[in-house]
Number of protein chains: 2
Amino acid sequence: MTRLHSGNPLPEISDPVRAMLDSMAAWTGAPEDEAQCPVRDVLDRVGQKWTLLILVALEPSPKRFSQLQRQVGDISKRMLTQTLRQLERDGMVSRQVFPTKPPSVEYALTDLGRSALAPIGALLVWADSNHETIRASREAFDAEEVS
Amino acid sequence: MTRLHSGNPLPEISDPVRAMLDSMAAWTGAPEDEAQCPVRDVLDRVGQKWTLLILVALEPSPKRFSQLQRQVGDISKRMLTQTLRQLERDGMVSRQVFPTKPPSVEYALTDLGRSALAPIGALLVWADSNHETIRASREAFDAEEVS
DNA sequence: CAGCATCCCGATGGATACTG
DNA sequence: CAGTATCCATCGGGATGCTG
């Protein structure tokens, strides 16, 4: 999927980002929160297997439960429900029930959810741009591990 | 940690990012790769508990094994080794052994690793800016779940 | 100092079956 | 259609102990 890579930009770190990084680095391993750390649970979400796919699937337009399931692919109803609940709880996705018969439910991105796609998307673009480099690096690494 | 939030920017989605998103959404659930998907394993890395902390810790300057362990906090040697190996394999971190006695090893960000911190940092800034909103949303959600 | 090997537990998440 | 409930396999990752 997603063959958009058009070279390796290797973007530089902007000032606000650097400020953020420095403040994290300065924090120097205080184990205090780390579970409470707001950054952590956002990052965890992003890393969770299905979160990203669902956000991306909802970006063009709101969708219903089974539409989502078909679009995302082989996600189980269990995981789809669970992930949607989390996103709803975080205020990234809205859930609207239509009392038709049988009932239908529509999920949509909130403003917050849409705004999250900007930095997440940037990360995706980075990943797409550099995955060839990464793949090559892995092959080289694995090759000399055999020795 | 990291109390830099100065309001909620709610950034908009830029054109290249939108192109990326669309190409993902258009992909419409082909389960073909998904394990091979380059985007997936990059995202997985970011989500892994220690990857981010290590990258951030290495950004200001290269560091040695035990320096890293102290700075990151309560990471075990096992996990530190494992995470560093992955990052080295991906070409994000370089590893240089100095044949002193006892031996010392220095880890440093590569250009690739540093470049990754730009989009990752942007995501961190977003998380930091919006975690109050998210927290509030969660409380509201949990409150009416009780009913 | 900088690891590797082993044991082990809890969480993640898939498969399946049932319901309003 | 849009879930919920249950069971179960896998795996991340912590603790501990041993090396060059």
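That block above? That's the structure.
To start, this report covers the structure provided alongside it. (Residues numbered from 1 in each chain as written. Chains lettered and ligands numbered in written order. Predicted model: local features only at pLDDT ≥ 70, side-chain atom pairs only at ≥ 80, totals over all residues. Heavy atoms only, no water.)

## Quick word on the protein's contact with DNA strand C
Short version of the rule: Nearness is defined per residue: one heavy atom within 4 Å of the molecule or strand is enough. Pairing of N or O atoms within 3.5 Å defines a polar contact, subject to two protein rules: one partner must be a possible hydrogen donor and the other a possible acceptor, and residues neighboring in sequence count only if both atoms are side-chain atoms. A helix here means a DSSP run of H or I that spans at least four residues, while a strand means a run of E at least two residues long, and both kinds are numbered starting from the N terminus.
Taken together, the neighbourhood of DNA strand C is formed by 17 residues, with K49 of chain A together with S66, K77, R95 and Y107 of chain B sitting nearest. For DNA strand C, the backbone portion of the atoms within 4 Å of the protein, that is sugar and phosphate, comes to 72%. Between a base oxygen of DNA strand C and a side-chain N or O atom of R78 of chain A, the distance comes to 3.2 Å. Looking at the surface near DNA strand C, the elements that each hand over two or more residues are α5 (77-89) of chain A together with α4 (65-72), α5 (77-89) and β3 (104-109) of chain B. Broken down by element, the surface near DNA strand C gets its largest block of residues, four residues, from α5 of chain B.

## Comments concerning the pairing of strand β3 (residues 104-109) of chain A
All names here are of chain A. Using the following cut-off: To sort residues, take the accessible area from a 1.4 Å probe on protein chains only and compare it with the maximum for the residue type: under 20% means buried, over 50% means exposed, and anything in between is partly exposed. When DSSP finds at least two bridges between two strands, those strands are taken to pair.
Among the six residues of β3, five are classified as buried, and the element is accordingly described as predominantly covered. Examined bridge by bridge, strand β1 (residues 63-64) and β3 share two bridges and lie antiparallel to one another. By the bridge assignment, K63 is partnered in β3 with Y107. Where strand β2 (residues 93-98) and β3 come together, six bridges link them in antiparallel fashion. Note on β3: the bridge partner recorded for V93 is L109. Hairpin connection from β2 to β3: five residues lie between these consecutive antiparallel strands.

## Thoughts on the interface of chain A and chain B
Heads up, the condition is: Only heavy atoms matter for contacts: two residues are in contact if any of them lie within 4.5 Å across the pair. Summed over both partners, the accessible area (1.4 Å probe) lost when two parts come together is defined as the buried area. The term salt bridge refers to a side-chain nitrogen of Lys or Arg lying within 4 Å of a carboxyl oxygen of Asp or Glu. Only Asp, Glu, Lys and Arg are considered charged, only Ala, Val, Leu, Ile, Met, Phe, Trp, Tyr, Cys and Pro nonpolar, and every remaining residue, Gly among them, polar.
Taken together, the contact pairs 80 residues of chain A with 79 residues of chain B. Across the chain A to chain B interface the summed buried area is about 7,200 Å²; carbon plus sulfur atoms make up 71%. Our count for the chain A to chain B interface comes out at seven salt bridges. A salt bridge links R18 of chain B to E59 of chain A; its shortest N-O distance comes to 2.7 Å. Along the contact surface separating chain A from chain B lie 18 residue pairs in polar contact (both at pLDDT 80 or more). If you list the elements that add at least two residues to the side of chain A that touches chain B, you get α1 (15-26), α2 (38-47), α3 (51-58), α4 (65-72), α5 and α6 (111-146) of chain A. At 26 residues, the largest contribution of residues to the side of chain A that touches chain B is made by α6 of chain A. Among the residues forming the side of chain A that touches chain B, the class breakdown is 41 nonpolar, 15 polar and 24 charged.

## Some remarks on empty space enclosed by the protein
For clarity, the cut-off: Site definitions follow a grid-based scheme: protein atoms alone, a 1 Å grid, a 1.4 Å probe that fits but cannot get out for cavities, and for pockets an open set with protein on both sides within 12 Å along at least five of seven lines, plus lining residues having an atom within 4 Å of a point. Grid points are joined across faces, edges and corners, and a volume is the space filled by probe spheres set on the points.
Scanning the entire structure with this criterion turns up six cavities of 30 Å³ or more. Reported here for the largest cavity is a volume of approximately 140 Å³. Around the largest cavity, the lining is made up of 16 residues, and of these V42, R45, V46 and M92 of chain A together with W126 of chain B lie nearest the centre. For the lining of the largest cavity, the residue count by class is eleven nonpolar, one polar and four charged.

## With respect to the protein's contact with DNA strand D
Neighbouring DNA strand D are 17 residues, the closest being S66, K77, R95 and Y107 of chain A together with K49 of chain B. For DNA strand D, the fraction of atoms within 4 Å of the protein that belong to sugar or phosphate moieties is 64%. Contact distances for DNA strand D include 2.8 Å between a phosphate oxygen and a side-chain N or O atom of K49 of chain B. At 3.4 Å from a phosphate oxygen of DNA strand D is found a side-chain nitrogen or oxygen belonging to W50 of chain B. With four residues, the top contributor of residues to the surface near DNA strand D is α5 of chain A. Of the residues in the surface near DNA strand D, the class split is seven nonpolar, three polar and seven charged.

## Re the nonpolar core
Put simply, the rule is: Nonpolar cores are built from buried Ala, Val, Leu, Ile, Met, Phe, Trp, Tyr and Cys residues. Side-chain atoms within 4.5 Å join them into one set.
Counting residues in hydrophobic clusters, the biggest one holds 82 residues, and the most contacted among them are L124 of chain A together with L124 of chain B. Residue contacts for L124 of chain A: discarding those within four places in its chain leaves L52 of chain A together with M20, L21, M24, V39 and L43 of chain B.

## Some words on the sheet that holds β1 of chain A
All names here are of chain A. This is how it is decided: What counts as an axis is a line fitted to C-alpha atoms, over the stretch in contact for a helix, and the angles between N-to-C directions run from 0 to 180 degrees.
Strand order across the open sheet formed by three strands is β1-β3-β2, with antiparallel pairing between neighbours. Either end of the sheet is taken by a strand with one partner, and the two such strands are β1 and β2. The strands touched by α3 are β1, β2 and β3; relative to β3, the strand with the most contacts, the crossing angle is about 95 degrees. Of the strands in this sheet, β2 and β3 are in contact with α5, which crosses β2 at around 115 degrees.

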